[in-house]
There are 2 protein chains.
Amino acid sequence: MAEQPIAASSDPEAELTPILRAALEEFVEHGYDGTSVRTIAARVGVTVPALYYHHENKQALLAELLDRAMAVVVRHTAEAEAAAGPVPRDRMAAMVRAIVGHMTNHQGLAFLDAETRALTPDNRKRYVAQRDQIEDLMRSCLRDGLADGSFSTPWVGDCTRAILSMLQGIASWYREDGPDSREEIAEHHVQLALALAGAVRPPAPTPTAARRTRRR
Amino acid sequence: MAEQPIAASSDPEAELTPILRAALEEFVEHGYDGTSVRTIAARVGVTVPALYYHHENKQALLAELLDRAMAVVVRHTAEAEAAAGPVPRDRMAAMVRAIVGHMTNHQGLAFLDAETRALTPDNRKRYVAQRDQIEDLMRSCLRDGLADGSFSTPWVGDCTRAILSMLQGIASWYREDGPDSREEIAEHHVQLALALAGAVRPPAPTPTAARRTRRR
DNA sequence: AGCAACTTAGCGAGCGTTCAGTAAATCATC
DNA sequence: GATGATTTACTGAACGCTCGCTAAGTTGCT
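Looking up chain A in an unreviewed UniProt entry gives the name TetR/AcrR family transcriptional regulator, with the organism given as Metallococcus carri.

What follows is the structure, given as structure tokens:
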């Protein structure tokens, strides 16, 4: 009877059960196929069958972790965009901040993205659908910016993938004790993403939405 | 006696022996830990000990593949930059073209980058050293461009990583039968990289080096 | 005869998974 | 408020398989 989440906050890594947390750490460290259920159990301090009491099998551990990770980042990204108003530049900035926050605050879950190859076809399908949602949000924002003249990239697809690859990359180099804070990294990447989009003017103080993003 | 490279061209994937080629394909498809030496042997059409006659062990297969991959991309990138003259914008464009060419022409080897986690510490050290070389080339180019005013990014480190993440990402989505040719993708990413660097003027026809890169 | 390039056969270890049993908590009943 | 039934959360032991790897033997070319 120890299989409760340690915290009930809204932090998706904090509210993992001990088993899921141990599985996450092992998967991040050694990869899905490089991890044995025995090492997960040992990390939790239980025997192997205890894992199978709470989860169907090893694959279900990975699927659940990835489901949670994707659900959180999709929700945060969509909410951030919705709260940012109608201006494409602001929406893009908000989404980038949300995604960078995910990469730095939930680095383990974010890094797990590299393990999606190990998903069974059914589980992979759900993952891809969630990932496509984020890609669609970004692509639509780019298109809207091109339509109103605030962005100028001629290659929406390449630009979308470039932004998301750049952001996903953060999960593989970010260190909590690095020189820049999460917020600094987020702001840098807002500007880098806007550069990729070919944003035409620095803060774009249009009459409808002045005083929003602030440039350093 | 079938363990010769199929072709002796300068294409690093074509000049792989059948065993290394099979190992590459399996590693790309299932990951290092998800691949067994038996499936590699079966793919070549030999028995398992034949693998061990030509290679020390499974780890040596991965190490050799990654060594070749990194040696080639480092060499091509350095040569491309050297041949591009002194102008940072031209050097950056040349390096991006070289790296994109690597990602699209040797997608398997490029994708193997994701398996570096499975390297033993010694082998990983050699890999990291090679990867750092590319990062240093890119960073130096950025710095030179900032010094002469042709680039303007305030964050050299983040910008370097962003460019390389963006380019590495190509290996995970590029398809030979996709809508854009390798050359088109390369030119798009040259412009995207220059945008990340904050390149100040489109083709920058300075008096010393006009008539070089051509904008679409 | 000798070497290169294999094959046959198998070793011990570790893999994911399951089954049967059990201590403790929870609940229903008197 | 003690008692028996049920449920929860596990443990011990082991199953069948696959893993990386190797010793010893075989084949065919020079």
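That shown, we press on.
Draft legend 1. The overall build of chain A, seen in detail. Within chain A, the secondary structure is distributed over nine helices and zero strands. N-terminal to C-terminal, the α/β element order of chain A is α-α-α-α-α-α-α-α-α. A principal-axis box enclosing the C-alpha atoms of chain A has dimensions of 65 × 35 × 25 Å. Looking at chain A residue by residue over its 216 residues, the buried ones come to 50%. In chain A, once contacts between residues fewer than 6 apart in sequence are set aside, the share between residues at least 24 apart is 66%. A total accessible area of about 10,400 Å² is found for chain A, and carbon and sulfur atoms account for 53% of it. Mean positive and mean negative side-chain charge positions of chain A (25 and 29 charges, respectively) differ by 5 Å.

Draft legend 2. Inspection of the environment of Ile170(B) at higher detail. Residue and element names in this part refer to chain B. Mapped onto the elements of the fold, Ile170 is located in helix H8 (residues 156-173). We classify Ile170 as buried; its relative accessible area is 0%. With 71 residues separating them along the chain, Ile170 and Ile99 place their C-alpha atoms 9.8 Å apart.

Draft legend 3. Examining the interface of chain A and chain B more closely. The interface of chain A with chain B comprises 27 residues on the first partner and 26 residues on the second. For the pairing of chain A and chain B, the buried interface totals around 2,200 Å² over both sides, and the portion due to carbon and sulfur atoms is 63%. Area buried by chain A at its contact with chain B is led by Arg117(A), Trp155(A) and Asp158(A), which between them contribute 30% of it. The tally of links from chain A across to chain B stands at two salt bridges. The partner of Arg117(B) in a salt bridge is Glu115(A), with the nearest N and O atoms 2.4 Å apart. Between the two partners, chain A and chain B, sit eight residue pairs in polar contact (both at pLDDT 80 or more).

Draft legend 4. Highlighting the packing of aromatic side chains. Within this structure, the stated rule accounts for two aromatic pairs over all chains. Here the aromatic rings of Phe27(B) and Tyr32(B) are separated by 5.3 Å at their centres, their planes lie at 50 degrees, and the arrangement is tilted. A relative accessible area of 0% means that Phe27(B) is categorised as buried. Sitting above the plane of the Tyr32(B) ring, Lys58(B) keeps its charged end 4.4 Å from the centroid. A cation over a ring is seen here: Arg161(B) above Trp173(A), with NZ or CZ 4.1 Å from the ring centre.

Draft legend 5. Broad picture of the pattern of salt bridges. The tally for this structure, following the rule as stated, stands at 29 salt bridges over all chains. Here Glu79(B) makes a salt bridge to Arg75(B), at a shortest N to O gap of 3.3 Å. Here Glu79(B) and its partner Arg75(B) are both found in helix H4 (residues 58-83), four residues apart, which amounts to about one turn of the helix. Residue classification places Glu79(B) among the partly exposed positions, given a relative accessible area of 44%. What emerges from the salt-bridge pattern is a single network uniting Glu25(A), Glu26(A), Glu29(A) and Arg43(A).

Draft legend 6. View of the packing of H4(B) against helix H5 (residues 88-105) of chain B. All names here are of chain B. Between H4 and H5, the shortest axis-to-axis distance is 8 Å and the interhelical angle comes to 155 degrees. Comparing their axes, H5 and H4 come out roughly antiparallel. With respect to the hand of their crossing, H4 and H5 are arranged in right-handed fashion. Of the residues in H5, those in contact with Ala69, Val73, His76, Thr77, Ala80 and Glu81 of H4 are Arg91, Ala94, Met95, Ala98, Ile99 and His102. Here the contact of H4 with H5 is built from residues that sort into seven nonpolar, three polar and two charged.

Definitions and cut-offs
Residues numbered from 1 in each chain as written. Chains lettered and ligands numbered in written order. Predicted model: local features only at pLDDT ≥ 70, side-chain atom pairs only at ≥ 80, totals over all residues. Heavy atoms only, no water. Helix = DSSP H or I, 4+ residues; strand = E, 2+ residues; numbered from the N terminus. Buried < 20%, exposed > 50% of the residue type's maximum accessible area, 1.4 Å probe, protein only. Contact = heavy atoms within 4.5 Å. Areas by Shrake-Rupley, 256 points an atom, 1.4 Å probe, with all protein chains shown as cover. Lys, Arg positive; Asp, Glu negative; His and termini not counted. Charge placed at Lys NZ, Arg CZ, Asp CG, Glu CD. Buried area = accessible area lost by both parts, 1.4 Å probe. Salt bridge = Lys/Arg side-chain N within 4 Å of Asp/Glu carboxyl O. Polar contact = N/O pair within 3.5 Å; in protein donor to acceptor, adjacent residues only side chain to side chain. Phe/Tyr/Trp six-rings, centres within 6.5 Å; stacked < 30°, edge-to-face > 60°. Lys NZ or Arg CZ within 6 Å of the ring centre and 35° of its normal. Axes fitted to C-alpha atoms, helices over the stretch in contact; angles between N-to-C directions. Parallel < 35°, antiparallel > 145°, perpendicular 65-115°, else oblique. Left-handed = near helix turned anticlockwise from the far one by under 90°. Nonpolar A, V, L, I, M, F, W, Y, C, P; charged D, E, K, R; others polar.

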